[in-house]
Amino acid sequence: MAEEVKVFGAWGSPFSRRVELALKIKGVKYEYIEEDVYGNKSPLLLKYNPVHKKIPVFLHNGKPIAESLVIVEYIEETWKGNPILPEDPYEKAMARFWAKFVDEKCLPALWTAGFSPENERAKAAEEACECLKTLESALNGKRFFGGDTVGLVDIAANFIGYWLRLIQEATGHDLLSAEKFPALFKWSDEFVSCSVVKDSLPPRDKLLAFFKARFAGAAQTNASN
Amino acid sequence: MGEENKVVLHGMWISPYSKRVELALKFKGIPFEYVEEDLQNKSPQLLQYNPVHKKVPVLVHNGKPIAESIVILEYIDETWKNQPRFLPQDPYKRAKVRFWTSFVQQQLCESLLTVIKTDGEVQQKAFGNLFEKLEVLEEGIKEIFPDGNPCIGNYNIGLLDLVMLSMFSPNNKIQEEVFGMKIIDPEKTPLIFSWLTVLHQLPLVKESTPPDDKVVAIFKFVRENALKSSLA
């Protein structure tokens, strides 16, 4: 019986790319459906994620799951090869702790710092850097957060590994630099050059153009306030 | 035996995050030492065990600390595999539980905290937000209680139950005293109301619930402090 695996995502979204990365690590074939998240969400998306009406949505043999990290844990539990989480319950708890930290503290702080108005930038940048410093400590000399291979925390931190560097290029404001966070900076290079990750990233030029436009738009809004 | 399975919980009596871990340990029958933290004067151990957030709860198992209540609950379930199991075996059902737990934790709790800590228009808006989300949950849990009524006999307490019951209660008396209205209204969200009623009547939960007047006092204290500091 053929297995039906589908991902509803958006090309530039780090959240749907997390799901795609997990599937690629596991070698699971899937069908990808691009959603027009800024314009017109499909009736299927709204049916499968009525609570949040967001991507990503994962469909396995007709059964939908929403929330990227919930989906990644489901993928881990369903396809057993190439594990994303350690087996030891304590190490697993540590991975979940850091994935949560990335999702709930780092990402919002980084996004705010990237696009905040001039007068708020210094404070936002300071908070974002605090997060990066703390996150860096979790690496602890390892190549990836997951050890020798990409794991849950690396997947959760995909935004920091790839999107952040492009935001920095678009805005001219550096948060993650080799000087300030050598270990984390090195990790981001390792992350994006890892073959399974490389294949699951949005095209560089397209994403950079998107961020430049967004930054210009934010600057306009901030200037007129 | 001795040090082989030493469990210490650093908590605070009114913290819902701490309460859910405390109850989890009790439901699993795991012996533990409880350390009440004074959040105005956190112990050096707490700061050492949770340097990232410096918050309760922290579970220390054989000297190894874990922070973040939901991470702790999953750890407890994976380490002590006896009943009750907090998560189902089936991966899809597990995903559903995790999805709704995340919804309650991130969306409902945030709205509730805003309601507690604000007044005037901001509070009104937060109330609206909270009730909207409670309605979404009411609809969503129909798949968990397909018969429409959670029953008390042999109730297997799970992750979502622990998170929900530590944050919300069907005790309308307290809600009316603190907020002037029902938060969990048996008419607006009947399934949530009966679910919480069942949960709060479980003996282990009942015996861990502080008396009404203490709860009202702490809510009012938190609220007054929040309003004062927002004026500063």
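Residues numbered from 1 in each chain as written. Chains lettered and ligands numbered in written order. Predicted model: local features only at pLDDT ≥ 70, side-chain atom pairs only at ≥ 80, totals over all residues. Heavy atoms only, no water.

**Student:** Could you clarify how one ought to interpret the packing of aromatic side chains in this entry?
**Tutor:** The description of an aromatic ring pair rests on the distance of the ring centres and on the angle between the ring planes. The tally for this structure, following the rule as stated, stands at 23 aromatic pairs over all chains. Between W111 of chain A and F211 of chain A, the aromatic rings sit 6.3 Å apart at their centres with planes inclined by 65°, giving edge-to-face as the arrangement. With W111 of chain A in helix 4 (residues 89-115) and F211 of chain A in helix 10 (residues 204-224), the pair connects residues that are 100 residues apart, well separated along the chain. What makes W111 of chain A partly exposed here is its relative accessible area of 32%. Between the NZ or CZ atom of K188 of chain B and the centre of the ring of F131 of chain B, over which it lies, the distance is 4.9 Å. (Phe/Tyr/Trp six-rings, centres within 6.5 Å; stacked < 30°, edge-to-face > 60°. Helix = DSSP H or I, 4+ residues; strand = E, 2+ residues; numbered from the N terminus. Buried < 20%, exposed > 50% of the residue type's maximum accessible area, 1.4 Å probe, protein only. Lys NZ or Arg CZ within 6 Å of the ring centre and 35° of its normal.)

**Student:** Explanation requested: the pattern of salt bridges in the structure shown.
**Tutor:** Between side chains of opposite charge, pairing is possible as soon as their charged atoms come close. On inspection of all chains with the given rule, the structure shows 28 salt bridges over all chains. Its salt-bridge partner being K6 of chain A, residue E4 of chain A comes within 3.8 Å of it at the nearest N-O pair. Under the relative-accessibility criterion, E4 of chain A is labelled partly exposed at 33%. Among the salt bridges present, the one from R165 of chain A reaches D189 of chain A, with a minimum N-O distance of 3.2 Å. Of this pair, R165 of chain A sits in helix 7 (residues 158-171) while D189 of chain A sits in helix 8 (residues 182-193), and the two are 24 residues apart along the sequence. Given a relative accessible area of 25%, R165 of chain A falls into the partly exposed group. D189 of chain A gets classed as partly exposed once you look at its relative accessible area, which sits at 34%. Each of E73, E77 and R96 of chain A together with E74, E78, R94 and R98 of chain B takes part in a single network of salt bridges with overlapping partners. (Salt bridge = Lys/Arg side-chain N within 4 Å of Asp/Glu carboxyl O.)

**Student:** Just to check I follow, could you spell out the nonpolar core for this structure?
**Tutor:** Here is a general trend for soluble globular proteins: nonpolar side chains tend to be buried in one another's company. All names here are of chain A. F58 and I160 are the most contacted members of the largest nonpolar core, which totals 79 residues. With twelve residues, the single largest contributor to this core is helix 4. For F58, the contacting residues outside a window of four places in its chain are V5, K6, V7, V19, L23, K63, P64, I65, I71, Y74, I75 and W79. (Core = buried A, V, L, I, M, F, W, Y, C linked by side-chain atoms within 4.5 Å. Contact = heavy atoms within 4.5 Å.)

**Student:** Is there a simple way to think about the sheet that holds strand 1 (residues 5-9) of chain A in this case?
**Tutor:** Residues and elements named next belong to chain A. Spatially, the four strands line up as an open sheet ordered 2-1-3-4, and their pairing is mixed. The strands lining the two open edges of the sheet, one partner per strand, are strand 2 (31-34) and strand 4 (63-66). The average angle at which neighbouring strand axes cross in this sheet is 20°, direction not considered. Running over the sheet, helix 1 (residues 14-26) touches strand 1, strand 2 and strand 3 (57-60) and is turned about 155° from strand 1. (Pairing = 2+ DSSP bridges. Axes fitted to C-alpha atoms, helices over the stretch in contact; angles between N-to-C directions.)

**Student:** What's the story with the interface of chain A and chain B in this structure? I'm lost.
**Tutor:** Often, the extent of an interface is quoted as the loss of accessible area upon association of its parts. Contacts between chain A and chain B engage 25 residues on the former and 26 residues on the latter. Summed over both partners, the interface of chain A with chain B comes to about 2300 Å²; 67% of that surface belongs to carbon and sulfur atoms. The interface formed by chain A and chain B includes six salt bridges. In this structure, E73 of chain A engages R98 of chain B in a salt bridge whose closest nitrogen and oxygen atoms are separated by 3.6 Å. (Buried area = accessible area lost by both parts, 1.4 Å probe.)

No statement about biological role is implied by the geometric values presented.
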